[in-house]
Amino acid sequence: MKRTFLAIIASLLCLTVSAQGYVPTEECLKARQEFNQERFGIFIHWGIYSMLADGEWVQNRKNIDYEEYALLANAFYPAKFNADEWAALFREAGAKYVTFTSRHHDGFSMFKTATSDFNIVDGTPFGRDVVKELADALAKNDIKLHFYYSHLDWHRLDYWPLGREGHGVGRPEGKDGDWQSYLEFMRTQLTELLTNYGPIGAIWFDGYWDKKNDYSYKELYDVWDMEAEYALIHKLQPSCLVANNHHVAPYPGEDIQPFERDVPGENTSGYLTGTKVSSLPLETCQTINKDWGYKIVGSPYKTIKELITLLARTASKGANLLLNVGPRPDGTIPDRSAALLREMGAWLKVNGESIYGTVAGCVPESEWGVSTQNGNSLYLHVLKGTDKIEIPYIDNKIVSAVALQDGTPVKFSQKKKTGIVIDVPAFDESCPDYVVKLSFRKAL
Ligand code: GLC
């Protein structure tokens, strides 16, 4: 009895020590650094829910019976899906990586899996592995592939006990529940995803929060057996990063801190109450319209001004922007989304050096805009029309000041007493972010 007790304590201690003692490998650290340079990725929410054109939560929101919902797969035939066209568009947009929903909360796998037929290859008339096609097309375009992967599941019977969601979809509660089998299922799928599709930049988990009413966040780490899951990922692909959209401070084994619908440090979404910004690479995800999955009505788009402002603001906090599009059920990207992505690409083509490879700027966010920096260069992103910018004195001589878009020289003065004053040239109102580049004698 005493022995067993001691053994339990010892194994618990061991667990805590090894979880806290997570030391990222060199490959992982290098991948984190690369990720931190990339600054712009595309999020894709696409699945059989797209056919209902009402977002990716439709099954749960409308309490659609899980067996009836699964029949959607019989009609999923995205005849116009063309991975090369997607990749060309994302490249034109200036994206460095794509995060694809390999399996969302509805439990349908958008890739070939041996775990069940509820997947795009075995369960639809389409029968093609879109993940494979996308992986190949992205690789040709030098764009990395990341996978969104849902912890939460509204389909499987072994997802038991249920958490907060999925109570109205008709599963016989608890009948065949077997949590261990669910955990094993996920590990098998992660192994497939990390074995069959070449190098994967990151696994982006979501749905961990489904069980947060029943457990403390500390307990959740064990309930989901995150230690084993993270270790598996890092073992299969040491340079694959891990992000978990759990809305709290990162756990050991995670490499990216994601912020849902907020730039780091803010909480306009309400998801991030008290969430501290860590020293890990940061990423903000946001929708191009209002929804993640395809929605045919009632999902107003953001303007190009709002999107570029968001990109500049995330970069100014040292974070990447993961911007979501929801493809239609036929496999095409909605026209407005595609047009906005192209406009982002056009702006980035000219102003990209003020975003890619930069770190948070030393000039804090002000009325006029935000700043980023890289080496000797400081970029002032003028987001609101102004003819003068005043920033605190920097003890490092400015050797030139130009407008990034066309090299127009910009007048400035730099004095200890008055700080740095910049005369912003008049610029076209339609420019979403007018960048002034200050070059200094030494690195900032
Ligand atoms: C939320 C939603 C999910 C979406 C995700 C993207 O967690 O549950 O549908 O995929 O946000 O950030």
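Along each chain, numbering runs from 1 in the same order as the chain's sequence is written. Whole-chain, interface and lining totals are the exception, using all residues; otherwise, since this is a predicted model, local features are given only for residues with pLDDT of at least 70 and side-chain atom pairs are given and counted only at 80 or more. The basis for the side-chain values is all heavy atoms of the structure; hydrogens and waters are excluded.

**Quick notes on the layout of surface pockets**
- Buried and open spaces are told apart on a 1 Å grid over the protein atoms alone, a cavity being a set of points where a 1.4 Å probe fits but cannot get out and a pocket being an open set with protein on both sides within 12 Å along at least five of seven lines. Residues with an atom within 4 Å of a point are the lining residues. Grid points are joined across faces, edges and corners, and a volume is the space filled by probe spheres set on the points. There is about 450 Å³ of room inside the largest pocket.
- Each residue is assigned to one of three groups, with Ala, Val, Leu, Ile, Met, Phe, Trp, Tyr, Cys and Pro labelled nonpolar, Asp, Glu, Lys and Arg labelled charged, and all others, Gly among them, labelled polar. Classifying every residue of the lining of the largest pocket by side-chain character gives eight nonpolar, six polar and 11 charged.
- By volume, the second largest pocket amounts to about 380 Å³.
- As for the second largest pocket, its lining consists of 22 residues, and the residues nearest its centre are K144, L145, P199, I200 and G201.
- Numbering of helices and strands runs from the N terminus; a helix is a DSSP stretch of H or I covering at least four residues, while a strand is a stretch of E covering at least two. Tallying contributions element by element places helix α2 (residues 26-38) first for the lining of the second largest pocket, with six residues.
- In the lining of the second largest pocket, the residues fall into 11 nonpolar, five polar and six charged.

**Considering helix α6 (residues 130-140)**
- When a residue's accessible area, from a 1.4 Å probe over protein chains only, is under 20% of the maximum for its type it is buried; when over 50% it is exposed; and in between it is partly exposed. Within α6 the residues assigned to the buried category are V130, V131, L134, A135, A137 and L138.
- Here a polar contact means two N or O atoms within 3.5 Å. Within protein one must be a hydrogen donor candidate and the other an acceptor candidate, and residues neighboring in sequence count only if both atoms are side-chain atoms. Sitting at the head of α6, D129 places a side-chain oxygen 3.1 Å from the backbone nitrogen of V131.
- Two residues or fewer after α6 comes D142, characterised by a positive phi angle close to 60°.

**Considering the pattern of salt bridges**
- When a carboxyl oxygen of Asp or Glu lies within 4 Å of a side-chain nitrogen of Lys or Arg, that pair is called a salt bridge. Within this structure, the stated rule accounts for 22 salt bridges.
- Linked by salt bridges that have partners in common, K30, E34, E38 and K144 make up one network.

**Structural notes on the nonpolar core**
- Counting 90 residues, the largest nonpolar core has F40, F90, F100 and I203 as the members making the most contacts within it.
- In terms of nonpolar packing, the next biggest core, distinct from the first, is built from 20 residues, L378, A401, I420 and V424 among them. The criterion is simple. A nonpolar core is a set of buried Ala, Val, Leu, Ile, Met, Phe, Trp, Tyr and Cys residues joined through side-chain atoms within 4.5 Å.

**Details of the pairing of strand β8 (residues 319-325)**
- Taking burial as the measure, the seven residues of β8 include seven buried ones, the bulk of the element.
- The alternating pattern of β8 places A319, L321, L323 and V325 on one face and N320, L322 and N324 on the opposite face, and all of these are buried.
- Two strands qualify as a pair provided DSSP detects at least 2 bridges between them. Note that strand β1 (residues 40-44) and β8 share five bridges and pair parallel. Directly across from F43, in β8, lies its bridge partner N324.
- One ladder, built from six bridges, connects strand β7 (residues 282-287) with β8; its direction is parallel.

**Structural notes on the sheet that holds strand β12 (residues 388-391)**
- Read across the sheet, three strands follow the order β12-β15-β14 without closing on themselves; strand pairing throughout is antiparallel. At either margin of the open sheet sits one strand with a lone partner, and together these are β12 and β14 (412-415). Taking the axes of each pair of neighbouring strands and ignoring which way they run, one obtains an average angle of 10° across the sheet.
- Looking at chain direction, β12 and strand β15 (residues 419-423) are connected through four bridges and run antiparallel. Residue pairing in the sheet places I391 in a bridge with I420 of β15. The angle between two axes is taken between their N-to-C directions and runs from 0 to 180 degrees, where each axis is a line fitted to C-alpha atoms and a helix contributes only its stretch in contact.

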